[in-house]
Amino acid sequence: MKLLGAVLLAASLLGTAARGEQSPWPDEPSRTCFFQMLSGVDGEFCRGDLEVIYPELGDVSCTYIPKCHQYRRRISREWGSPRVRYPQAEKSKKYVLVLVDPDAPSRANPRNRFWRHWLVTDIPGADLRTGDVKGLVLTDYVRPTPPPRSGYHRYQLCLYEQPAHETIALSPEERVSLGAWAMESFVEQFRLGSPVASTQFLTKYYED
């Protein structure tokens, strides 16, 4: 279904894509705005049909953000937090949503892994089913902003089922800095276990 959605979205943009710069391969010039799906190890990270929905782009789960129509600039400079939809969410449960960049400052040298871009707890399952992320915001949404000439960055979203009666909080040290976050320790501390769903999208500095 993800692949079909990407094909349909690309087809719907053909009439207005004459100004686009994206080809079937992310860095080759073309007149067609093409939404390329992730493959290999990057594609395997996407599990559980978690949808990440930005204006105009739609669901970017498991895709490269194309350069055409200034989408990379707009996701870095204009758009706020996406809608995040998980149709399988149980209405009676609460969830924890994490968005991180494991490639800070670059995938080749990720010395600041993980860079925390968004952290929301106590999200009602009923809201997740409609894509409305409401809960306790521990880290406000930070737009994806890869540094110049640092290549593609992965922006990974993990959704966890929140243990009943578990109060989740960041330590004073964690609140001070977004970078070099010990995400694995956080997950272990609050007994979150494995994600019920995860996905990612890749983008890079919009002028590269």
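Please read these numbers as outputs of a predicted model, since none were measured by experiment.

## Here's the deal with the nonpolar core
Across soluble globular proteins, nonpolar side chains have a tendency to be buried as a group. Judged by nonpolar contacts, the single largest core of 28 residues is most densely connected at Tyr54, Leu57, Tyr71, Leu157 and Phe201. Those elements that provide at least two residues to this core are strand E1 (51–54), helix H3 (71–77), strand E4 (94–101), strand E5 (115–124), strand E7 (153–161) and strand E8 (197–203). Contacts of Tyr54, omitting those with residues within four sequence positions, involve Val60, Ile75, Trp79, Gly80, Pro82, Tyr141, Pro144 and Phe201. Counting 15 residues, the second largest nonpolar core, distinct from the first, contains Tyr160, Met183, Val187 and Leu192.

## Quick word on the state of the cysteines
For the structure on display, the rule yields two disulfides. Linked covalently through their sulfurs, Cys33 and Cys68 form a disulfide whose S-S length is 2.0 Å. Placement of Cys33 in the loop between helix H1 (2–13) and helix H2 (40–44) and of Cys68 in the loop between strand E2 (58–59) and H3 is noted, with a sequence separation of 35 residues between them. Classification of Cys68 by relative accessible area gives buried; the value is 1%. The disulfide partner of Cys46 is Cys62, and the S-S distance across this bridge is 2.3 Å.

Scoring rules and cut-offs
Residues numbered from 1 in each chain as written. Predicted model: local features only at pLDDT ≥ 70, side-chain atom pairs only at ≥ 80, totals over all residues. Heavy atoms only, no water. Core = buried A, V, L, I, M, F, W, Y, C linked by side-chain atoms within 4.5 Å. Buried < 20%, exposed > 50% of the residue type's maximum accessible area, 1.4 Å probe, protein only. Helix = DSSP H or I, 4+ residues; strand = E, 2+ residues; numbered from the N terminus. Contact = heavy atoms within 4.5 Å. Disulfide = S-S within 2.5 Å.

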